[in-house]
Amino acid sequence: MEEDREDPADLLEASIPTRWEVFVDGASNKYGSGLGIVFTIPKGMKIIHSFRLEFKATNNATEYEVVIHALRIIVEMRLHDVRLTSDSQLAIRKITGKYAIHDPILQKYWELSQFYIDQIPNTKFRHICRKDNRHSNILSYITSQLTDPSVEGIRVVRLLTPSIPEVPEIRIDVEVNTTDRYQEGYWRKPIYLYLETGKLPRGRPEINKVKSKSVAYELRDGILYRKSYLGPLLRCLSKDEGQSILNELHYGAVGNHSSGRSLSARAKTMGYIWSYMNDDAKRMAQACEECQRYGKKIHAPSVTLNSVVSPWPFAKWGIDIVGPLHVGSGQRKYLIVATDYFTKWVDAAPLKHIRDKDVFRFIWEHIICRFGVPTAIVSDNGKQLQEENIDFLFNTYNIRKSKATPIYPQSRNYKQNNRRQFEEKIGCGVR
């Protein structure tokens, strides 16, 4: 077919004697938005139309605007055989029905384009690369750059409004039936009756409770509102009304599948409040299948971390053994690393073996003889620290032996970080 063949070298040359070729392109940047339309008549002459948008438009809306204005001009010129070419694959395939449309604004653009297409006897659409659509592309870009009124030489039509009416802002409002506004058991009823008629419930505790609560509420036009700190009045709703608000905020057209706390905060921002709204929002977020399937995974710990505190320098050390590494001088292939919890001072020594007497010698020479007797030494409870020599050393100097298992990895951060740094510096990989 002709539509599937390779694009000619000069796309502005008409391929069929009776067909009008139309090339369109839209450009949007920080200076504004512009449209470029180039008509090529069967005899080879060119008709150029240039538009500048005086309203804010996205890149997709700009591509739709240029197609709509091109179709409008085609209908006004009463052309019968036209091929419209654009470098926007999204706009062309959505207009032809190959792509689905979910955005309500783009849906209105599609309906308007179909209105114009039905008035043209023979219309074809084609998508090409941006480099091949250079004439209309340059024209639309120049139009979007025209911010200086002194620039002359290009006749530009300024468009003040979009082709489709703007979508009104969606506002959620709840209608309250005055006949059963406050039924029995509603949390608002005692406060409402007290503010409206001064009626109080029976019993001294209930009277004090209603009076203390009513200070934070206000009655306007028969509707109960709660005062907020530096914010608007919050309209008090029932549980069913609050559920409808949460459904609209979570699943509706303006919903973004917020989490429980964020969802309740959005409801308060919009000016609504009811009892147990945080629990209702949390249950809705937990019951949403999309939120559970595609939501972000929270890696924060479920409990508060316990800080590892060292009272003074070199009082608490963490010891770890690295290896086996690549064999070095003296057949040394292990590394023992000690880190002070207070100063983050690191001391290390290479080892040929990792026996208990090697660990004993390291603790004696590198910790006790250099920095004094520590109060505690933290390790991963390895076999080397469970032998008699180590127990004798710890009991002699009254050193407390602490362990950090993988169940509590927060106390092993210093040792593991230093271990990785040593491996990177010495260029040895653990086997």
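My aim in this report is to walk through the structure given alongside it, one point at a time. (Residues numbered from 1 in each chain as written. Predicted model: local features only at pLDDT ≥ 70, side-chain atom pairs only at ≥ 80, totals over all residues. Heavy atoms only, no water.)

### A closer look at the packing of aromatic side chains
Going by this rule: Ring pairs are drawn from Phe, Tyr and Trp, using the six-membered ring of Trp, whenever the two centres fall within 6.5 Å, and their geometry is named by plane angle: stacked under 30 degrees, edge-to-face over 60, tilted for the rest. Helix and strand definitions follow DSSP, with helices as H or I runs of at least four residues and strands as E runs of at least two, each counted in order from the N terminus. Three exposure classes are used, based on accessible area relative to the maximum for each residue type with a 1.4 Å probe and protein chains only: buried under 20%, partly exposed in between, and exposed over 50%. In this analysis the charged atom, NZ for Lys or CZ for Arg, is taken to sit over a ring once it is within 6 Å of the ring centre and within 35 degrees of the ring normal.
All chains considered together, the criterion is met by seven aromatic pairs. Seen in terms of ring centroids, tryptophan 317 and phenylalanine 371 are 5.4 Å apart; in terms of plane orientation they differ by 45°. Their pairing is tilted. Note that tryptophan 317 is positioned in strand S11 (residues 316-322) and phenylalanine 371 in helix H11 (residues 356-371), a separation of 54 residues in sequence. Owing to a relative accessible area of 0%, tryptophan 317 belongs among the buried residues under this scheme. Judged by relative accessible area, phenylalanine 371 falls into the partly exposed class, the value being 25%. Ring pairs connect the aromatic residues Phe314, Trp317, Trp345 and Phe371, which therefore count as one cluster. The ring of tyrosine 341 has lysine 316 lying over it, and the distance from NZ or CZ to the ring centre is 5.7 Å.

### A look at unusual backbone geometry
A positive phi angle, close to 55°, is found at arginine 78, a residue other than glycine. Within the secondary structure, arginine 78 is located in the loop between helix H1 (59-77) and strand S4 (81-86). Given the relative accessible area of 70%, arginine 78 is considered exposed. For lysine 344, which is not glycine, the phi torsion reads 60° and is therefore positive. Along the chain, lysine 344 turns up in the loop between strand S12 (334-340) and strand S13 (346-351). Judged by its relative accessible area of 40%, lysine 344 is partly exposed.

### Details of the sheet that holds strand S7 (residues 217-220)
Going by this rule: Between any two strands, pairing holds if DSSP finds at least two bridges. Note on definitions: a residue-residue contact is assigned when non-hydrogen atoms from the two residues lie within 4.5 Å. Angles here are taken between N-to-C directions and fall from 0 to 180 degrees, while the axes themselves are lines fitted to C-alpha atoms, restricted in helices to the stretch in contact.
Ordered by their spatial adjacency, four strands build an open sheet running S7-S8-S9-S10, and the pairing between neighbours is mixed. Each of the sheet's edge strands pairs with one partner strand only, and the pair in question is S7 and strand S10 (272-273). Looking at chain direction, strand S8 (residues 223-226) and strand S9 (residues 234-236) are connected through two bridges and run antiparallel. From the neighbouring strand, arginine 226 faces S9, where its bridge partner is leucine 234. Running at roughly 60° to S7, helix H5 (residues 189-197) makes contact with S7 and S8 of the sheet.

### Observations regarding the packing of H5 against helix H6 (residues 204-214)
Between two packed helices, the angle of one axis relative to the other and the distance separating the axes together describe the packing. Basically, it comes down to this: Here the word oblique covers every angle except those under 35 degrees (roughly parallel), over 145 (roughly antiparallel) and from 65 to 115 (roughly perpendicular). Polar here means any residue outside two lists: the nonpolar Ala, Val, Leu, Ile, Met, Phe, Trp, Tyr, Cys and Pro, and the charged Asp, Glu, Lys and Arg; Gly therefore counts as polar.
In the contact formed by H5 and H6, the axes pass within 10 Å of each other and the chain directions differ by 75°. As summarised for this structure, H5 and H6 are arranged roughly perpendicular, according to the angle between their axes. When H5 is examined against H6, the residues Pro190, Ile191, Tyr194 and Leu195 are found in contact with a partner set consisting of Val210, Lys211, Lys213 and Ser214. When grouped by side-chain class, the residues that make up the contact of H5 with H6 number five nonpolar, one polar and two charged.

### Overview of a nonpolar patch on the surface
Defined as follows: Patch building starts from residues that exceed 30% relative accessible area and form no salt bridge, then joins like charges within 9 Å and nonpolar side chains (Val, Leu, Ile, Met, Phe, Trp, Tyr) within 5 Å. In this description, accessible areas are obtained by the Shrake-Rupley approach with a 1.4 Å probe, and a residue is regarded as covered only by the protein chains that are shown. Salt bridges, as used here, are contacts in which a Lys or Arg side-chain nitrogen is within 4 Å of a carboxyl oxygen on Asp or Glu.
There is a patch of nonpolar side chains on the surface, built from Trp364, Val373 and Tyr397 and spanning about 250 Å² of accessible area. Inspection of the secondary structure puts valine 373 in the loop between H11 and strand S14 (376-379).

### A short note on the pairing of S14
The side chains of a regular strand alternate, first on one face of the sheet and then on the other. Burial along S14 is two-sided: Ala376 and Val378 and Ile377 and Ser379, pointing in opposite directions, are all buried. As paired elements, S11 and S14 share three bridges and run parallel to each other. Within S14, the residue paired with tryptophan 317 across the bridge is isoleucine 377. Where S14 meets strand S15 (residues 400-403), four bridges bridge the pair, whose relative direction is parallel. Across the sheet, alanine 376 pairs through a bridge with arginine 400, a residue of S15.

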